[in-house]
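Each chain, written out:
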Amino acid sequence: PICDNAGGIAEMSELPENVRDVTDALDAAGNTTAAIGKGFAIGSACLVGLALFGAFITRAGLTAASVSLVSPLIFASLIFGAMIPYWFSAMT
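Residues numbered from 1 in each chain as written. Predicted model: local features only at pLDDT ≥ 70, side-chain atom pairs only at ≥ 80, totals over all residues. Heavy atoms only, no water.

All right, on to the overall build of the protein then. The secondary structure content of the protein amounts to 3 helices and 0 strands. When the helices and strands of the protein are placed in sequence order, the string is α-α-α. Relative to the compact-globule value of 12 Å for 92 residues, the protein shows a C-alpha radius of gyration of 23 Å, a clear excess of over 25%. A principal-axis box enclosing the C-alpha atoms of the protein has dimensions of 70 × 20 × 20 Å. Taken across its 92 residues, the protein has 14% of its residues classed as buried. (Helix = DSSP H or I, 4+ residues; strand = E, 2+ residues; numbered from the N terminus. Rg over C-alpha atoms; globule rule 2.2 N^0.38 Å. Buried < 20%, exposed > 50% of the residue type's maximum accessible area, 1.4 Å probe, protein only.)

This is the structure:
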């Protein structure tokens, strides 16, 4: 957003076109970096959700064969465990 704002200021200030070209290039690089970072964030959140589900199975003393996602308690626990990373992220 900083480079985008700088580009807008450069345009309103009627600075030379090459200034806007530089700010546009920097803005594009920042957008690409943000998009890549979001992919890593989503992937890590999925991994954390899977780890929490595995921890739930281990802590509850269940075997992988006895876990049925059709069971309301197991399904609700899975949904709750999947929401925890987003909950912690929202608190920061």
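Quick look at the packing of helix H2 (residues 17-59) against helix H3 (residues 72-90) now. Geometrically, a packed helix pair is captured by the angle between its two axes and the distance between the axes. Relative to each other, H2 and H3 sit at 140°, their axes nearing to 8 Å. Here H2 lies oblique to H3, going by the angle between them. Taken as a pair, H2 and H3 cross one another with a handedness that is right-handed. Residues Ala45, Val48, Gly49, Leu52, Phe53 and Phe56 of H2 touch H3, and the partners they reach there are Ile74, Ser77, Leu78, Gly81, Ile84, Pro85 and Tyr86. A class-by-class count of the residues in the contact of H2 with H3 yields 10 nonpolar, 3 polar and no charged. (Axes fitted to C-alpha atoms, helices over the stretch in contact; angles between N-to-C directions. Parallel < 35°, antiparallel > 145°, perpendicular 65-115°, else oblique. Left-handed = near helix turned anticlockwise from the far one by under 90°. Contact = heavy atoms within 4.5 Å. Nonpolar A, V, L, I, M, F, W, Y, C, P; charged D, E, K, R; others polar.)

Another point: the side chain of Thr23. Within the secondary structure, Thr23 sits in helix H2. Classification of Thr23 by relative accessible area gives buried; the value is 10%. With residues near it in sequence (within four places) discarded, Thr23 still touches Cys3, Ala6 and Gly7.

Okay, the confidence of the model for the protein next. Low pLDDT means the predicted coordinates in that region are not meant to be read closely. Here the protein shows a mean pLDDT of 82. Residues at 70 or above account for 98%. Mean pLDDT values for the elements of the protein range from 81 in H3 up to 86 in helix H1 (residues 2-12). (pLDDT = per-residue confidence, 0-100.)

This part covers the environment of Ile84. Looking at the secondary structure, you find Ile84 in helix H3. C-alpha of Ile84 to C-alpha of Ala45: the two residues are 39 residues apart in sequence and 9.3 Å apart in space.

This model, assessed by the stated rule, comprises 2 salt bridges. Between Glu11 and Arg20 there is a salt bridge, with the nearest N and O atoms lying 3.7 Å from each other. A residue is classified by how much of its surface remains accessible, and Glu11, at 53% relative accessible area, is exposed. For Asp24, the salt bridge identified is with Arg20, shortest N-O distance 3.3 Å. Of this pair, Asp24 and Arg20 both sit in helix H2, 4 residues apart, which is roughly one turn of that helix. Salt bridges sharing common partners tie together Glu11, Arg20 and Asp24. (Salt bridge = Lys/Arg side-chain N within 4 Å of Asp/Glu carboxyl O.)

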